[in-house]
Amino acid sequence: MDVLFKSAAVLISIFLLLFCNAIPSVAYSSSSTMHTNNWAVLVCTSRFWFNYRHMANTLSLYRTVKRLGIPDERIILMLADDMACNARNKYPAQVFNNENHRLNLYGDNVEVDYRGYEVTVENFMRVLTGRHETAVPRSKRLLSDEGSHILLYMTGHGGDEFLKFQDSEELQSHDLADAVKQMKEKRRFKELLIMVDTCQAATLFSQLQSPGVLAIGSSMKGENSYSHHLDSDVGVSVVDRFTFYTLAYFERLNMYDNASLSSLFNSYNPNLLMSTAYYRTDLYGRQLEEVPVTNFFGSVMETIHTDSPYRAFSGKYSKIEIPLDQSDEVKQRRLKSSDVPQELTGSNITGKHVTCPVTRTWNAILGRIGMMKELDSLVNYGLILMFLIATGSSWFSS
Amino acid sequence: MAEELNEEFTEGLLLRPLPDRRVLAHFHFQSSVPPTRTYGRHHHLFPKSIYQLINKFRVREMELSFTQGRWNYEHWGGYDPISSSNAKPPGVELWADFDVSLDQVDASWKNLTHALSGLFCASINFLEHSTSYSAPQWSFRSFAGKLRYGTLPREAVCTENLTPWLKLLPCRDKAGLSALMDRPSIYRGYYHSQRLHLTSDEFDTAKSNSGIMLEQTLTVVLQPNTLGDRAMVSGKTLQPSWSLSSLFGRKVHGKCSVSKSSNVYVQFEPNLVSELKEVWESVESESGILIHDAFWNNPIFEISASPDRVVKEVGNLQKEVSSILYEFLVEDYNDSKPFDLGLRWKLPVVWSCKQAPLHASRFLMGSGNERGAIAISLRSSSNNNTQRVGCSEKGSQLRIDIFQVVPWYVKVYYHTLKVFIDGELQSTMENIEKMHLSPSEDKVSPGVMEMKLRLPCSVKTAVLTLEFDKGFLHIDEYPPDANQGFDIPSAVVSFTGFQASIGFEDNFLNKLPILNELQERKHVISYTEVLLVPLTTPDFSMPYNVITITCTVFALYFGSLLNALRRRVGEEERLLKSKAAKKRGPLSSMLSKLSAKLKGSPLEPSPTPSTSPSFINYKLIVKVILVAGMAAGGQYYFR
């Protein structure tokens, strides 16, 4: 019976291979590139004063990623309205995400790249896909490459498979998936974390299909995302629940902490959130337990000590020679960073890194077939089985 | 000469009490670099980004200002150098003059707006559309042809614009006077305007070059903190006392060490000085006191630090009173002895600022969403003594330049221009000396009006009206908050016969850029209000409604039509009957078939005509061959 099942699976997987053909080649190339830089795209899509909390959400994330080491030139910040110097703001040039007003999010060094009317779906797509007019300055472009880890954070008002931009446009889940797919094809990222804080955020990820993408949403389909609390001095709600608890998690961390993404994901309590945080991990190849949060929310780069002066080496096929006295240190570092082991062993176990599930099962089946001795007998058995099934079915249908 | 060949940076701060209990603070920073030809491309102080900007786009002169709030011409003055050059329209104003051939000016302008938008974190790139900028011929500046001018009245101004501006300074906001710029204090003010002015003669080969000059000013009007009630002395409210630390929450800990000079000035306007003299005379009841000597500590007010020098205004022949500047050198102060200048009033003083010859304002007339009219009103100030100075001799006239840009969706009919002087309609030809109009073109260019007015000296009020129709925009062109209305940028009114400048007695003072700015002879300029025009905005959900309703109507129509054409009632009834007869599930029918086959007896109820057995065999053979072929193919593939 086992043999019969396997032979049927062979036939099914022939067909599935046709659908999943193109993806493995891309997946192989990106998984062997070294993680070299971090980028963040932080988007607040809501206009008007009563959406203060969306801007506070975005600025809180901005502060967090800056604190964890992503420099300003690698952060694209999009704010749809001006809250800090809004005439209704009692605290000019200040934005708070907590009613204790301990932390001014709008410090002296905020660089807003797109603001006001510039925050449109068109500009958002242009930033992601990198298709700008030639005159657009570098500070407004996402200049990532195939070694980039990108954090994409969006907040605003949304619904089933869409996110509103400024009350006049919508970003649909298809648009997002298309942009991400194009980014993948243009090798604009190695890994991408999409974090969305909006109502029914999970639906925004339904069309994603590019490998290397991880998605977190604040709520499932049919659920709302709620604000956390109201600041009676400012007069409006100042932060959303999902972002509030995300920040509560990050405030405990610094750049050198080794907390994993799974610990972040497990920190969300549906009772406190009043919604169910949703994670989509099926496109992401690595185990979340091994991926530190600083992979996306920070910029912790590997420092390689060399005795000799600078030697140029290509990231892809580099062999890092470890001096004897530093080997202990490097081993420790290896444990911390999940990139290095993958880098060194990447070429041997290629099958492990394929992210399309169908390809993965197909590869498993191929492996098993390769192990079997009597391939001819298997085929003959399969032939007999097919014959029996065909005759049986035609006999019944007559 | 060797000194001239170096880069220079100077900083200065001018403080001035305002009649409406507020304080004006005017920061002035200037960097200059000798021309590249003699100095080379490497700089120590001059910001690289600005240098690259000038060289890339060949900018000859450029001014960019970010302003929030409106300069109050009546209370804060309209006839002094600061109001003429630092009172700016709200939002962003940018003009630039290029040293390129005429056909490349627009391309340079577009690239410049993008570069500036990246540099200053603002949406200046919206000025790249030809609908948003204009090319004034003569009224705005005297350059012809290569000047472009654009404004964004609704652009927000906040920290993110100030920070990159500060990053152009060699000490940023870490040392020197710029360390005073505490963001919440500045943005709490009534008015703030940050300005960047560039002049370069890098590309002039003819004359001796002076290089690039970058002038950065920040003008803020702040309300001093008056703790408790307003102090009253003899029935009058005392002016609020203030200090640097109460205005900005910070003190100056020494100068920016690379700056050539770092001075703070407190300026008393001529009207205030004459008022002070009067009060002093009434208090001390002795005349003939030289008002400048030991003046910082007297019965009326007290300045916390003793000034290093007192600068008097000269050259103002018409009046005996002139403004006074107290100079303080910041370099004498350090961390252990921070500089915290304070002004404390002891006696109430009331004065008013010097006004522009005419007070300009602009408003909308008419109602409804179809048409309206713009009116520019020029009204002589209440105290007329200063105004008449400019046209003292009989029969002379006031000359006024008006420059106004109107977006294309406000379709102005220029032939409806009417001029009212003192309430009476005048012929336009009599009062307009020169006029240049470029009517708007839909979705291509805005309407520009440049006008040289000639008004009699005795004029009380002059009103210009222009009628317009409101246009319609395409649905994509409406901004997200279209219901708020659309802005008509400020008009610029310049009084060409009047110069706002303060001359100083000492010639060596010319070397100080902040005083140079005050001495520069410029026309008196005022900006009018920004107008908010409500346009008809469509119901943006309308397309969706239309689509849904149309689709429903179509579905109903075609559905019923097809029903009527295709439906055969008799046939359907027969089918229903037969279905009711064999109402059994597919599994049970399958089972009954199977049992019948096993028994060898034919199925009793067979409503469908059974196919011939030979046909079944044929189909079977085809299927078997297909499966065998697939298996063979698979085997071949795995080999």
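Rules behind the numbers
- Residues numbered from 1 in each chain as written.
- Chains lettered and ligands numbered in written order.
- Predicted model: local features only at pLDDT ≥ 70, side-chain atom pairs only at ≥ 80, totals over all residues.
- Heavy atoms only, no water.
- Helix = DSSP H or I, 4+ residues; strand = E, 2+ residues; numbered from the N terminus.
- Buried < 20%, exposed > 50% of the residue type's maximum accessible area, 1.4 Å probe, protein only.
- Areas by Shrake-Rupley, 256 points an atom, 1.4 Å probe, with all protein chains shown as cover.
- Contact = heavy atoms within 4.5 Å.
- Disulfide = S-S within 2.5 Å.
- Salt bridge = Lys/Arg side-chain N within 4 Å of Asp/Glu carboxyl O.
- Pairing = 2+ DSSP bridges.
- Buried area = accessible area lost by both parts, 1.4 Å probe.
- Polar contact = N/O pair within 3.5 Å; in protein donor to acceptor, adjacent residues only side chain to side chain.
- Nonpolar A, V, L, I, M, F, W, Y, C, P; charged D, E, K, R; others polar.
- pLDDT = per-residue confidence, 0-100.
- Expected span 1.5 Å × (residues − 1).
- Arc of directions from axis to C-beta.
- Phe/Tyr/Trp six-rings, centres within 6.5 Å; stacked < 30°, edge-to-face > 60°.
- Lys NZ or Arg CZ within 6 Å of the ring centre and 35° of its normal.

## Remarks on the overall build of chain B
And then number 1: The number of helices and strands found in chain B is 15 helices and 29 strands.
And then number 2: Taken over 639 residues, chain B has a buried fraction of 49%.
And then number 3: Carbon and sulfur atoms make up 55% of the accessible area of chain B, which totals about 30800 Å².

## Structural notes on the overall build of chain A
And then number 1: The number of helices and strands found in chain A is 13 helices and twelve strands.
And then number 2: For chain A, the proportion of its 398 residues judged to be buried stands at 52%.
And then number 3: By sequence separation, contacts in chain A at least 24 residues apart represent 75% of the contacts at least 6 residues apart.
And then number 4: Total accessible area on chain A stands at roughly 18600 Å², and carbon and sulfur atoms take up 55% of it.

## Points about the environment of Gly12(B)
All names here are of chain B.
And then number 1: Checked against the element boundaries, Gly12 lands in strand E1 (residues 8-17).
And then number 2: You can call Gly12 buried: its relative accessible area is 0%.
And then number 3: If we skip the residues at most four places from it in the chain, Gly12 touches His26, Phe27, His28, Leu177, Asn263 and Ile514.

## Things to note about the state of the cysteines
And then number 1: Enumeration according to the criterion identifies two disulfides over all chains in this entry.
And then number 2: Disulfide partner of Cys85(A): Cys158(B), at an S-S distance of 2.0 Å. Torsion about the S-S bond of the Cys85(A) and Cys158(B) cystine: about 75°, corresponding to right-handed handedness. Taken as a pair, Cys85(A) in the loop between strand E2 (75-79) and strand E3 (114-115) and Cys158(B) in the loop between strand E6 (147-152) and helix H6 (159-166) lie in two separate chains rather than in one.

## Examining the pattern of salt bridges
Oppositely charged side chains can pair when the atoms bearing their charge come close.
And then number 1: With the rule as written, the count across this model stands at 49 salt bridges over all chains.
And then number 2: The shortest N-O distance in the salt bridge between Arg187(A) and Glu146(A) comes to 3.9 Å. Here Arg187(A), found in the loop between helix H5 (173-185) and strand E8 (191-197), pairs with Glu146(A), found in the loop between helix H4 (121-129) and strand E4 (148-155); they are 41 residues apart in sequence, far enough to count as distant.
And then number 3: Between Arg60(B) and Asp99(B) there is a salt bridge, with the nearest N and O atoms lying 2.8 Å from each other. One end of the pair, Arg60(B), is in strand E3 (residues 59-68); the other, Asp99(B), is in the loop between strand E4 (91-98) and helix H5 (105-120), and 39 residues separate them in sequence.
And then number 4: We classify Arg60(B) as partly exposed; its relative accessible area is 26%.
And then number 5: Among the charged side chains, a salt-bridge network with shared partners connects Glu63(B), Lys88(B), Glu93(B), Arg195(B), Glu215(B) and Glu517(B).

## Details of the pairing of E1(B)
Residue and element names in this part refer to chain B.
And then number 1: The buried fraction of E1 amounts to nine of the ten residues, a majority that puts the element mostly inside the structure.
And then number 2: Relative to strand E2 (residues 23-33), E1 runs antiparallel, the two sharing ten bridges. The partner of Leu14 across the bridge, within E2, is His26.
And then number 3: As judged from the five bridges shared by E1 and strand E12 (residues 262-268), these two strands associate in the parallel manner. Bridging across to E12, Gly12 finds its partner in Asn263.

## Overview of the sheet that holds E4(A)
All names here are of chain A.
And then number 1: Strand order in the open sheet made by the seven strands is E3-E2-E1-E4-E8-E9-E12, with mixed pairing throughout. The sheet is open, and its two edges are formed by E3 and strand E12 (278-280), each paired on a single side.
And then number 2: Where strand E1 (residues 37-44) and E2 come together, five bridges link them in parallel fashion. Bridge pairing links Val41 to Ile76 in E2.

## Some details on the interface of chain A and chain B
And then number 1: Listed by partner, the interface residues are 42 residues for chain A and 45 residues for chain B.
And then number 2: For the pairing of chain A and chain B, the buried interface totals around 3900 Å² over both sides, and the portion due to carbon and sulfur atoms is 62%.
And then number 3: If you sort the residues of chain A by the area they bury against chain B, Asp108(A), Arg115(A) and Tyr117(A) come out on top, with a joint share of 18%.
And then number 4: Summed over the shared surface of chain A and chain B, the result is five salt bridges.
And then number 5: A salt bridge links Glu160(B) to Arg115(A); its shortest N-O distance comes to 2.6 Å.
And then number 6: If you look at where chain A meets chain B, you find 14 residue pairs in polar contact (both at pLDDT 80 or more).
And then number 7: Of all elements in the fold, only helix H1 (2-19) and helix H13 (375-397) of chain A reach the threshold of two or more residues within the side of chain A that touches chain B.
And then number 8: Ranked by residue count, the leading element in the side of chain A that touches chain B is H13(A), at twelve residues.
And then number 9: Residues of the side of chain A that touches chain B, tallied by class, amount to 22 nonpolar, ten polar and ten charged.

## Observations regarding the confidence of the model for chain B
And then number 1: Confidence in the prediction of chain B, expressed as mean pLDDT, is 83, and 86% of residues score 70 or more.
And then number 2: Predicted confidence for residues 605-611 of chain B stays below pLDDT 50, and this span has two contacts to residues more than four positions away or in other chains.

## Quick look at H5(A)
All names here are of chain A.
And then number 1: Here H5 spans 18 Å end to end across 13 residues, near enough to the 18 Å set by a 1.5 Å rise per residue.
And then number 2: Of all the positions in H5, only Ser173, Leu176, Ala177, Ala179, Val180, Met183 and Lys184 are classed as buried. With its buried residues spanning 160° around the axis, H5 presents them on a single face.
And then number 3: Two residues or fewer past H5, Arg187 is found with a positive phi of approximately 55°.

## Focus: the packing of aromatic side chains
All names here are of chain B.
And then number 1: Taken as a whole, this structure holds 34 aromatic pairs over all chains when the rule is applied.
And then number 2: Here the aromatic rings of Trp408 and Tyr409 are separated by 5.6 Å at their centres, their planes lie at 75°, and the arrangement is edge-to-face. The burial state of Trp408 is the same as that of Tyr409; both residues are buried.
And then number 3: Joined through ring pairs, the aromatic side chains of Phe9, Phe27, Phe29, Trp165 and Phe248 make up one cluster.
And then number 4: Lying across the ring of Tyr190, Arg22 places its NZ or CZ 3.6 Å from the centre.

## Notes on helix H6 (residues 241-251) of chain A
And then number 1: The buried fraction of H6(A) amounts to nine of the eleven residues, a majority that puts the element mostly inside the structure.
And then number 2: Looking only at H6(A), the buried set comprises Arg241(A), Phe242(A), Thr243(A), Phe244(A), Tyr245(A), Thr246(A), Leu247(A), Tyr249(A) and Phe250(A).

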